[in-house]
Amino acid sequence: MANLMITKQCNLKCSYCFANEFVNKQKDVMSLENFQKCLQFLSYNPRERIGIIGGEPTMHPELGKMLAAIIDSPFQSACLFTNGILVDKFINELRNSRFQILINLNSPDNVGSNNYERIMSNMDEMINRQYMKEQVGVGINLYAPDMDYQYIIDVLKKFNLPKVRVSVSIPNMDEGREVNPLQYFHQMEGVVRRFVDDILAIGVAPNFDCNYLPKCLTNEKVSKYKEYEDILRRSNISMNPICTPTIDILPDLQVVRCFGLSDLYTVNLFDFKNTEEIKRHFMMEIDALAYHITPDEKCRTCGDYRAGLCSCGCYAYRLSKLKELRTHLSDY
């Protein structure tokens, strides 16, 4: 998937969001002209899946025209990543079957009761009145060991949704602050397991996004889920948590490996022929270095880590060390 970051503005300020240092502090929006240039660049492979991200993409003043441009393009699949508050403004375009809508669902305490009621109304409109159930999904960011996630259990039951995107939120990291990912995952392991148990019990599959629990926290406990194989088969649940490049195209057509590493290294979109070239470039410039920055002492003797079968979480945990290493190498 290639993600087009069309705006850095957001109408929420979630306490757990690791991107708070970027959103609402930069006024950048992708012009319609640049958006069309992105579509042209990506059209070498019409099967490329496009992600429309922000900030909050529904705040972009020309989102309707952008969605119409996708409808008129050869691309067969595009996903709008949204908090769902303003999505009702674009239902006419989003009814096109090539679109998926993934709502990152926060609790009423996080977004406010009025916003939450509007999100529920928008979901009801799309799923029950516009017959878009196959296009609409929800996701959750697990951000605290004692997090109350009952609200999303209720939503999954209410709309009879078959799966939910799950991600362990990356903690806010001030410049230079180091976070040991293995220690952090140990803190979050309980809430992740409780959540997975609770959704499997109601027949919902966990669709894990990036920042997976590392293999040392999952291998010996996977067998308990064997009874749920039919449910898990509907999901792309991964037991090989490897961090690989996600191509995020910024409003000015610079490209980053992923939003979490925006401050590390950028390239120009048109210095490459296609996204596969860009991914290989980031693998050489970032991933090859990140492998040598051991996130925890235990990883040094871990066969899965040494074999490249586990990344021990997001590379953003190693951002400051990656900066140091790239600076050191550039001196030679």
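Keep in mind that this is a model prediction, so the values were computed, not measured.

**Overview of the nonpolar core**
- Of all hydrophobic cores here, the largest spans 98 residues; its most connected members are L4, F35, M123, V164 and F195.
- Here this core gets nine residues from one element, more than from any other, and that element is helix 7 (residues 181-201).
- Apart from residues no more than four positions distant in its own chain, V164 is found in contact with V138, G139, I140, I152, L156, F195, I199, V204, A205, P206 and N207.
- I53, L250, V256 and F259 belong to the second largest nonpolar core, which has five residues in total.

**Section: the pattern of salt bridges**
- Following the criterion strictly, the structure yields 12 salt bridges and no others.
- For the salt bridge of D28 with K8, the shortest nitrogen-to-oxygen distance reads 3.8 Å. Placement of the pair is D28 in the loop between strand 1 (2-5) and helix 1 (32-42) and K8 in the loop between strand 1 and helix 1, with a sequence separation of 20 residues.
- Residue classification places K8 among the buried residues on the basis of a relative accessible area of 9%.
- The salt bridge involving E62 is made with K65; its shortest N-O contact spans 3.7 Å.

**Notes on the sheet that holds strand 1**
- Pairing is mixed across the open sheet formed by 10 strands, whose spatial order is 7-6-5-4-3-2-1-8-9-10. If you trace the sheet from one side to the other, it starts and ends with strand 7 (205-208) and strand 10 (266-268), each paired once. Neighbouring strand axes in the sheet, compared pairwise and without regard to direction, differ in orientation by 30° on average.
- Two elements, strand 3 (residues 78-82) and strand 4 (residues 99-104), share five bridges in a ladder whose sense is parallel.

**Here's the deal with unusual backbone geometry**
- Backbone torsion omega between G54 and G55 reads 25°, so that peptide bond is classified as cis.
- Relative to the helices and strands, G55 is located in the loop between strand 2 (50-53) and helix 2 (63-71).
- Positive phi values are uncommon outside glycine, yet N160 reaches one of about 55°.

**Notes on the pairing of strand 2**
- Every second residue of strand 2 is oriented toward a common face, with I50 and I52 on one face and G51 and I53 on the other, all of them buried.
- Strand direction decides the pairing type here: strand 1 and strand 2, joined by four bridges, are parallel. Bridge assignment links N3 to a residue of strand 2, and that residue is G51.
- Pairing between strand 2 and strand 3: three bridges, direction parallel. The residue of strand 3 that forms the bridge with I50 is A78.
- Since strand 2 and strand 3 lie parallel, the crossover through helix 2 that links them has a hand, and here it is right-handed.

**Overview of the packing of helix 1 against helix 2**
- Put simply, helix 1 and helix 2 touch, their axes get as near as 10 Å, and they point 25° apart. Judged on the interaxial angle alone, helix 2 and helix 1 are roughly parallel. Crossing of helix 1 against helix 2: the hand is right-handed. Mapping the contact onto sequence places L32, F35 and L39 in helix 1 and K65, M66, A69 and I70 in helix 2.
- Taken together, the residues of the contact of helix 1 with helix 2 sort by class into six nonpolar, no polar and one charged.

**Examining the packing of aromatic side chains**
- Inspection of the entire model under this criterion finds eight aromatic pairs.
- Seen in terms of ring centroids, F41 and F270 are 6.0 Å apart; in terms of plane orientation they differ by 85°. Their pairing is edge-to-face. Of the two residues, F41 is situated in helix 1 and F270 in the loop between strand 10 and helix 9 (275-290); the sequence distance between them amounts to 229 residues.
- Between F185 and Y317 the ring centres are 6.2 Å apart and the planes differ by 75°, which places this aromatic pair in the edge-to-face class.

**Quick notes on the side chain of T275**
- Take T275: it is sitting in helix 9.
- Residue T275 is classed as buried on the basis of its relative accessible area, which comes to 1%.
- Reaching out from T275, the side chain makes a polar contact with the side chain of E48 at a distance of 2.9 Å.
- Contacts of T275, omitting those with residues within four sequence positions, involve A2, F41, L42, Y44, E48 and I247.

**Here we look at the confidence of the model for the protein**
- Per-residue confidence for the protein gives a mean pLDDT of 87, with 87% of residues at or over 70.
- Confidence scores differ between elements of the protein, with helix 8 (residues 229-232) showing the lowest mean pLDDT of 59 and helix 6 (residues 150-159) the highest of 98.

**Digging into the environment of R280**
- Mapped onto the elements of the fold, R280 is located in helix 9.
- R280 sits 35 residues away from P245 along the chain, and the two C-alpha atoms are 8.6 Å apart.

What counts, and at which threshold
- Residues numbered from 1 in each chain as written.
- Predicted model: local features only at pLDDT ≥ 70, side-chain atom pairs only at ≥ 80, totals over all residues.
- Heavy atoms only, no water.
- Core = buried A, V, L, I, M, F, W, Y, C linked by side-chain atoms within 4.5 Å.
- Buried < 20%, exposed > 50% of the residue type's maximum accessible area, 1.4 Å probe, protein only.
- Helix = DSSP H or I, 4+ residues; strand = E, 2+ residues; numbered from the N terminus.
- Contact = heavy atoms within 4.5 Å.
- Salt bridge = Lys/Arg side-chain N within 4 Å of Asp/Glu carboxyl O.
- Pairing = 2+ DSSP bridges.
- Axes fitted to C-alpha atoms, helices over the stretch in contact; angles between N-to-C directions.
- Right-handed = clockwise from strand over helix to strand, strands pointing away.
- Parallel < 35°, antiparallel > 145°, perpendicular 65-115°, else oblique.
- Left-handed = near helix turned anticlockwise from the far one by under 90°.
- Nonpolar A, V, L, I, M, F, W, Y, C, P; charged D, E, K, R; others polar.
- Phe/Tyr/Trp six-rings, centres within 6.5 Å; stacked < 30°, edge-to-face > 60°.
- Polar contact = N/O pair within 3.5 Å; in protein donor to acceptor, adjacent residues only side chain to side chain.
- pLDDT = per-residue confidence, 0-100.

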